[in-house]
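# An overview of the molecular structure
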Amino acid sequence: MLFRLLWRGTTALLFLLAGGPTSGQQYAFRQFTSQNGLAQSQVRTMAQDANGYLWFGTLGRASRFDGQYFHNLTLQDGLPDAQVSAMLRTRDGRFWMGAGNSLVQVVGRELHNAPLPPESKGARILGLAETTDGSLYIGTDGGGLFVRGPDGIRSAPGYPADTAGNVRCVMALKDGS
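Quick notes on the rules
- Residues numbered from 1 in each chain as written.
- Predicted model: local features only at pLDDT ≥ 70, side-chain atom pairs only at ≥ 80, totals over all residues.
- Heavy atoms only, no water.
- Pairing = 2+ DSSP bridges.
- Helix = DSSP H or I, 4+ residues; strand = E, 2+ residues; numbered from the N terminus.
- Axes fitted to C-alpha atoms, helices over the stretch in contact; angles between N-to-C directions.
- Buried < 20%, exposed > 50% of the residue type's maximum accessible area, 1.4 Å probe, protein only.
- Polar contact = N/O pair within 3.5 Å; in protein donor to acceptor, adjacent residues only side chain to side chain.
- 1 Å grid on protein atoms, 1.4 Å probe; cavity = no way out; pocket = protein on both sides within 12 Å on 5 of 7 lines; lining within 4 Å.
- Points joined across faces, edges and corners; volume = space filled by probe spheres on them.
- Nonpolar A, V, L, I, M, F, W, Y, C, P; charged D, E, K, R; others polar.

Turning our eyes to something else, we now look at the sheet that holds strand S12 (residues 152-155). Picture the strands of a sheet paired through backbone hydrogen bonds; they go either parallel or antiparallel. Pairing in this open sheet of four strands is antiparallel, and the strands run S9-S10-S11-S12 from one edge to the other. Each of the sheet's edge strands pairs with one partner strand only, and the pair in question is strand S9 (125-130) and S12. For this sheet, the mean angle separating the axes of adjacent strands, direction not counted, is 25 degrees. Two elements, strand S11 (residues 145-149) and S12, share four bridges in a ladder whose sense is antiparallel. Bridge pairing in S12 links Gly149 to Gly152.

Printed below as a string of structure tokens:
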């Protein structure tokens with residue numbers, strides 16, 4: 001009887017200890033909204049530029065965050081479209097955004113816009129990826145896949161845009177292709 005009681009007590013104690021508090025990494029989260037200065041509450045993409053700023057693409061502009069304050073880019077600042085759905089920092093430190101149907105390069109406080117060619121049918125840019133040769137692949141919502149190389153932006157060679165127009169995400173493989 002005493003043995004059973006000790007066994008049950010030890011077993012119960014082990015279960016209590018195993019289910020009790022454990023030490024581990026604690027993560028702190030802080031939520032930012034338009035009340036804190038974020039351009040719009042529906043964030044579609046985010047990236048970090050070469051200077052360490054965090055960028056957020058939203059349905060209503062782009063926001064750059066310095067850790068304390070937001071700076072918002074608007075149509076008046078040169079954004080070709082308020083909806084920013086893709087962002088990418090390339091290996092050489094250049095920073096790109098997909099705003100509507102245009103590829104936008106951010107250079108300091110200047111925006112350099114390059115619209116997609118007419119065969120994109122006005123499709124919005126949804127994804128960006130860089131290959132090892134520095135080419136940018138551009139996925140769109142309804143226009144197919146495009147590539148920006150030294151000769152400008154063109155349809156990706158061999159990509160069947162007529163049957164696969166929606167490219168929501170683009171990623172380069174480990175070998176950079």
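Still more ground to cover, so stick around.
Moving on, we come to unusual backbone geometry. Residue Arg61 is not a glycine yet carries a positive backbone phi of 125 degrees. Within the secondary structure, Arg61 is located in strand S3 (residues 61-65). In the Ramachandran plot, Lys121 falls in the positive-phi region, its phi being about 60 degrees despite a non-glycine side chain. Turning to its location among the elements, Lys121 is positioned in the loop between strand S8 (110-115) and S9.

As a further point, take the side chain of Thr45. By the secondary structure assignment, Thr45 is in strand S1 (residues 43-48). Of the residues examined, Thr45 reaches a relative accessible area of 13% and is grouped as buried. At 3.5 Å, the side chain of Thr45 and the backbone nitrogen of Met87 are in polar contact.

What follows concerns the layout of surface pockets. Taken as a whole, the largest pocket encloses approximately 180 Å³ of empty space. Broken down by class, the residue content of the lining of the largest pocket amounts to six nonpolar, three polar and three charged.

Moving on to the pairing of strand S7 (residues 102-107). Counting buried residues along S7, five of its six residues qualify, which places the element largely inside the surrounding structure. Pairing analysis gives five bridges linking strand S6 (residues 95-99) to S7, with the strands arranged antiparallel. Note on S7: the bridge partner recorded for Phe95 is Val106. When S7 meets S8, the two strands line up antiparallel, connected through six bridges. When the sheet's bridge partners are listed, Ser102 is paired in S8 with Pro115. Counting the residues that bridge the hairpin from S7 to S8 gives two residues, and of these Gly108 lies at a positive phi of roughly 65 degrees.

Read across the sheet, four strands follow the order S5-S6-S7-S8 without closing on themselves; strand pairing throughout is antiparallel. The open sheet has two edge strands, strand S5 (84-89) and S8, and neither has a second partner. In this sheet, neighbouring strand axes are inclined to one another by 25 degrees on average, regardless of whether the strands run parallel or antiparallel. Across five bridges, the pairing between S5 and S6 is antiparallel. What sits directly across from Val84, in S6, is Ala99.

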